[in-house]
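These are the residues of each chain, in order.
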Amino acid sequence: MATIEEAQEILEALGMPSAQTNRMSGLTLLALCGLKPNDLWSVANRTGCTVTKSIMSHVKEHYGIEYAPNTRETFRRQVLHQFIQGGIADYNPFEPDLPTNSPRAHYAITKAALTVVQAYGGEGWPSVRTTFLREQGSLAERYARHRDRAMIPVTVGDGNELRLSPGRHNELQKAIVEQFAPRFAPGAELLYLGDTAKKDLFVNGVALQRLGIPINDHDKLPDVVIYDAERNWLFLVEAVTSHGPVSPKRVVELEEMLAACPAGIVYVSAFPDFKEFQKHLKGISWETEVWLSDAPDHMIHYDGDRFLGPRK
């Protein structure tokens, strides 16, 4: 029987990303194949389907699930576009010259995917699935490769390379590790580096524990923690691209968390440029430091009686 769960299983087997193996995606596959709940997968067929009058209506009539009219864009952007990329669906195959905004714009299951769908549950299923993946490739794997190419490489002190997820915040964190640290903490050791997608990307648990720094609550640590053993200074660096400089409140929180740490604490708010720094002027605590990645050789000191060093 052509169930939603089986449709989702087929999509996963054909290498679709997890976001395109949800219920809406499964229902879309069933509609593209013209299948009803009591049908066998072997009777799947290939016809042109519009989003509203064919797919959404089919889902409501045969599976009892009604989507709001404004959901049609979700079907297009979150399901059908990816189906096309993954070789599951064709766009306007029966009238390829239709203008983009034509009311006759339609989708259809590809011939290759139809062959796989019709074989589901039968002896030939593994073979045709393998052929499909060999010829079409897995969209999930392509997406993963694309994300990997977009990752930000960061070289840490021991020469190893970490990879941060893409984004302005992580670009700034890369600059902190590769530009700030060599200039103002030469020879220092990276103890912690978070990531917008993975908070515990790099954690030197042994060194943190030795310095009396809690290692079980990464949410409270600043973005980058660097230890200069020669001077016994601990640099706590916040990467600021929208919010989060070292404010008076933040200093109090960190002082409480690091009460058992024997190192001198240096608080740093790092910004990508002067424009971003200006937005946070009033929020930065005195007796802290400011560093701009577009002027890496200089430091702005929120203290008049020293150049750079711990607050106490």
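Keep in mind the model is a prediction, meaning the values are calculated, not measured. (Residues numbered from 1 in each chain as written. Predicted model: local features only at pLDDT ≥ 70, side-chain atom pairs only at ≥ 80, totals over all residues. Heavy atoms only, no water.)

## Side note on the overall build of the protein
When its secondary structure is counted, the protein shows eleven helices and eleven strands. By the burial criterion, 48% of the 312 residues in the protein qualify as buried. A total of about 15900 Å² of accessible surface is found on the protein, and carbon and sulfur atoms cover 51% of it. (Helix = DSSP H or I, 4+ residues; strand = E, 2+ residues; numbered from the N terminus. Buried < 20%, exposed > 50% of the residue type's maximum accessible area, 1.4 Å probe, protein only. Areas by Shrake-Rupley, 256 points an atom, 1.4 Å probe, with all protein chains shown as cover.)

## Side note on the packing of aromatic side chains
Per the stated rule, a full pass over the model turns up eleven aromatic pairs. An angle of 75 degrees between the planes, with centres 5.9 Å apart, marks the rings of Trp41 and Tyr120 as edge-to-face. Of this pair, Trp41 sits in the loop between helix 2 (23-32) and helix 3 (51-63) while Tyr120 sits in the loop between helix 5 (111-119) and helix 6 (125-136), placing them 79 residues apart in sequence. A relative accessible area of 4% means that Trp41 is categorised as buried. Given the relative accessible area of 15%, Tyr120 is considered buried. Here Tyr91 and Tyr107 contribute two aromatic rings whose centre-to-centre distance is 5.1 Å and whose plane-to-plane angle is 45 degrees, an arrangement assigned as tilted. (Phe/Tyr/Trp six-rings, centres within 6.5 Å; stacked < 30°, edge-to-face > 60°.)

## Quick word on the packing of helix 5 against helix 6
Running from N to C, helix 5 and helix 6 cross one another at 160 degrees; their axes reach a closest spacing of 8 Å. What the angle tells us is that helix 5 and helix 6 run roughly antiparallel. Here helix 5 and helix 6 pass one another in a crossing that is left-handed. Within the contact between the two elements, helix 5 uses Ala112, Ala113, Thr115, Val116 and Ala119 and helix 6 uses Trp125, Val128, Arg129, Phe132 and Gln136. Per-class residue counts for the contact of helix 5 with helix 6 are seven nonpolar, two polar and one charged. (Axes fitted to C-alpha atoms, helices over the stretch in contact; angles between N-to-C directions. Parallel < 35°, antiparallel > 145°, perpendicular 65-115°, else oblique. Left-handed = near helix turned anticlockwise from the far one by under 90°. Contact = heavy atoms within 4.5 Å. Nonpolar A, V, L, I, M, F, W, Y, C, P; charged D, E, K, R; others polar.)

## Overview of the confidence of the model for the protein
Residue-level pLDDT values for the protein average 86, and 89% of them are 70 or greater. Ranking the elements of the protein by mean pLDDT puts helix 7 (residues 139-150) last with 58 and helix 2 first with 96. (pLDDT = per-residue confidence, 0-100.)

## Considerations on the sheet that holds strand 10 (residues 289-292)
The mixed open sheet is built from seven strands, whose spatial order is 6-5-7-8-9-10-11. What marks the edges here is a single partner per strand, and that holds for strand 6 (202-203) and strand 11 (300-301). Pairing geometry for strand 5 (residues 189-193) and strand 6, over two bridges, is antiparallel. Pairing of Tyr192 across the sheet is with Val203, part of strand 6. Lying on the sheet, helix 8 (residues 168-184) is in contact with strand 5, strand 7 (224-228), strand 8 (233-239), strand 9 (264-271) and strand 10; it crosses strand 8 at an angle near 150 degrees. (Pairing = 2+ DSSP bridges.)

## Here's the deal with a nonpolar patch on the surface
On the surface, Met1, Leu40 and Val43 cluster together to form a nonpolar patch covering roughly 300 Å² of accessible area. Residue position: Met1 is located in the segment before helix 1 (4-13). For Met1, a relative accessible area of 51% gives the class exposed. (Patch = residues over 30% accessible without salt bridge, like charges linked within 9 Å, V, L, I, M, F, W, Y side chains within 5 Å. Salt bridge = Lys/Arg side-chain N within 4 Å of Asp/Glu carboxyl O.)

## Focus: the pattern of salt bridges
Inspection of every chain in the model, using the stated rule, returns 15 salt bridges. In this structure, the salt-bridge partner of Arg104 is Glu95, at a minimum N-O distance of 3.2 Å. Among the residues examined, Arg104 registers a relative accessible area of 48% and is labelled partly exposed. Each of Arg168, Asp273, Glu276 and Lys279 takes part in a single network of salt bridges with overlapping partners.

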